[in-house]
Amino acid sequence: MPFSKVLKNFLFMSVLWAIGFSVHAQSTSQKIATWPKQAIRIVVTFTPGGAPDILARVLAEDWQQNLGVPVLVENRPGYGGNIGADLVAKSDPDGYTLLIGTVGIHAINGALYEKISYDPVKDFTPISFLASTPNVLIVNKKLGVNNLHELIELAKAKPDQLTFGSSGVGTSLHMSGELFKQIAGVQIRHIPYKGRAQSLPDLLSGRISMLFDNLSSSLALIKAGEVQALGVTTLKRSHAAPEIPTLAEQGLTGFEAVSWFSLMAPANLPPDIQKRLNQMVRQTLNNPNVKSRLLAGGLDPAPGSPKDLSKLIASEASKWGKVVQQSGAKLE
């Protein structure tokens, strides 16, 4: 083929590619410029009432007032958060389906489950850190223990007879229990539930001995005297309940397990929508009224950049991967 003809073909194809790229870029730009133009759903991987659900509803309430479109909270509990996470991971990256990310989904499940249908990192676009809360060890008052030392003594005297509940396998509440067993040197059976709403009646009735729960979720029960709080799982006492000592200060040196929550979207979310969502999160959580309400409930809001969130996930995955390995826990 003569060089002149090759050159003409090349130029022709280049023009077609440029036109196609321009149309695609224009289409993407139009989508971003008109976002949002339909309902947004925020998927929560646990039952209503817990910390992730509270955060989702705080965002939904504020955004719906400011965006002029419905913002819906959809609870998809089960399988350690994998059901809801898989739903979001496989959704279109258009900013209309979002996930309340958790330490379990993004830092624990990858090490705990033999096979999961999504990649905890690659299948998501980080938007912002939302908030954290200490976990708290609460026991049935009829158990007859008043402090951590008495609980450990009882557990050692009755190996595998005491039970601890959590809101699901692979959650930070489950891992708090596994870390407690390792550091305290006790054998306690784990009883997983789909969410805290199912576990609390069994704790109050005495069907399970103890429960690791988010402090923000159980604070009302503790203050009402319906359960006995033995310690929080952070290195410092919580400003929301400073009277509750940490497990670390009671002898479990280095014990730290924080439940944290983030906002995530499917992978390949357009950067402009990612930036817009990050700004929306910051605006909501930095609102003095919202912030004071969350702090009073035991949640510490701290919105940040997507980059900082990615660093946190990597650090937490390394930490909890070791705990999972030492515990010997593995699920299909």
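For the structure itself, consult the block above.
I will try to describe carefully the structure that is included in this document. (Residues numbered from 1 in each chain as written. Predicted model: local features only at pLDDT ≥ 70, side-chain atom pairs only at ≥ 80, totals over all residues. Heavy atoms only, no water.)

**A short note on the overall build of the protein chain**
Argument step 1. Secondary structure summary: the protein chain contains 11 helices and 10 strands in total.
Argument step 2. Across the 332 residues of the protein chain, 52% fall into the buried class.
Argument step 3. For the protein chain, the proportion of contacts with a sequence separation of at least 24, taken over those separated by at least 6, is 77%.
Argument step 4. Approximately 15400 Å² of the protein chain is accessible, and the part contributed by carbon and sulfur atoms is 55%. (Helix = DSSP H or I, 4+ residues; strand = E, 2+ residues; numbered from the N terminus. Buried < 20%, exposed > 50% of the residue type's maximum accessible area, 1.4 Å probe, protein only. Contact = heavy atoms within 4.5 Å. Areas by Shrake-Rupley, 256 points an atom, 1.4 Å probe, with all protein chains shown as cover.)

**Section: the packing of aromatic side chains**
Argument step 1. For the coordinates displayed, the defined rule picks out six aromatic pairs.
Argument step 2. Taking 6.4 Å as the distance between ring centres and 35 degrees as the angle between the ring planes, the aromatic pair formed by F129 and W260 counts as tilted. With F129 in strand β4 (residues 124–139) and W260 in strand β9 (residues 258–266), this pair connects stretches of sequence that are 131 residues apart. Comparing F129 with W260, the two get one shared label, buried.
Argument step 3. The rings of F164, F180 and F212 are connected pair by pair, giving a single aromatic cluster. (Phe/Tyr/Trp six-rings, centres within 6.5 Å; stacked < 30°, edge-to-face > 60°.)

**A short note on the nonpolar core**
Argument step 1. One finds L137, L151 and F180 to be the most contacted residues of the largest nonpolar core, which totals 45 residues.
Argument step 2. Breaking this core down by element, the ones donating at least two residues are α3 (82–89), α4 (103–112), β4, α5 (148–157), α6 (172–184), β7 (210–214), β9 and α11 (306–327).
Argument step 3. Residues in contact with L151, not counting those within four places in the same chain, are L137, V139, L143, V145, L162, F180, M210 and L230.
Argument step 4. One finds V44, W63, L130 and L285 within the second-largest nonpolar core, a separate group that totals 32 residues. (Core = buried A, V, L, I, M, F, W, Y, C linked by side-chain atoms within 4.5 Å.)

**Notes on the packing of helix α2 (residues 51–67) against helix α10 (residues 288–296)**
Argument step 1. Their axes nearest at 12 Å, the elements α2 and α10 cross at an angle of 165 degrees. Considering their axes alone, α2 and α10 lie roughly antiparallel with respect to each other. In terms of crossing hand, the pair formed by α2 and α10 is right-handed. Contacts between α2 and α10 involve I54, L55, V58 and E61 on the former and, on the latter, V290, R293 and L294. (Axes fitted to C-alpha atoms, helices over the stretch in contact; angles between N-to-C directions. Parallel < 35°, antiparallel > 145°, perpendicular 65-115°, else oblique. Left-handed = near helix turned anticlockwise from the far one by under 90°.)

**Some thoughts on α11**
Three- or four-residue spacings in an α-helix give side chains the same orientation, since the helix completes a turn every 3.6 residues.
Argument step 1. The first and last C-alpha atoms of α11 sit 31 Å apart over 22 residues, in line with the 32 Å expected at 1.5 Å per residue.
Argument step 2. Buried within α11 are the following residues: L309, I313, E316, W320, G321, V323 and V324. For α11, the angular spread of the buried residues around the axis is 165 degrees, confining them to a single face. Those residues of α11 that are exposed and aimed more than 90 degrees away from the buried face are K307, K311, K322, Q325 and Q326. (Expected span 1.5 Å × (residues − 1). Arc of directions from axis to C-beta.)

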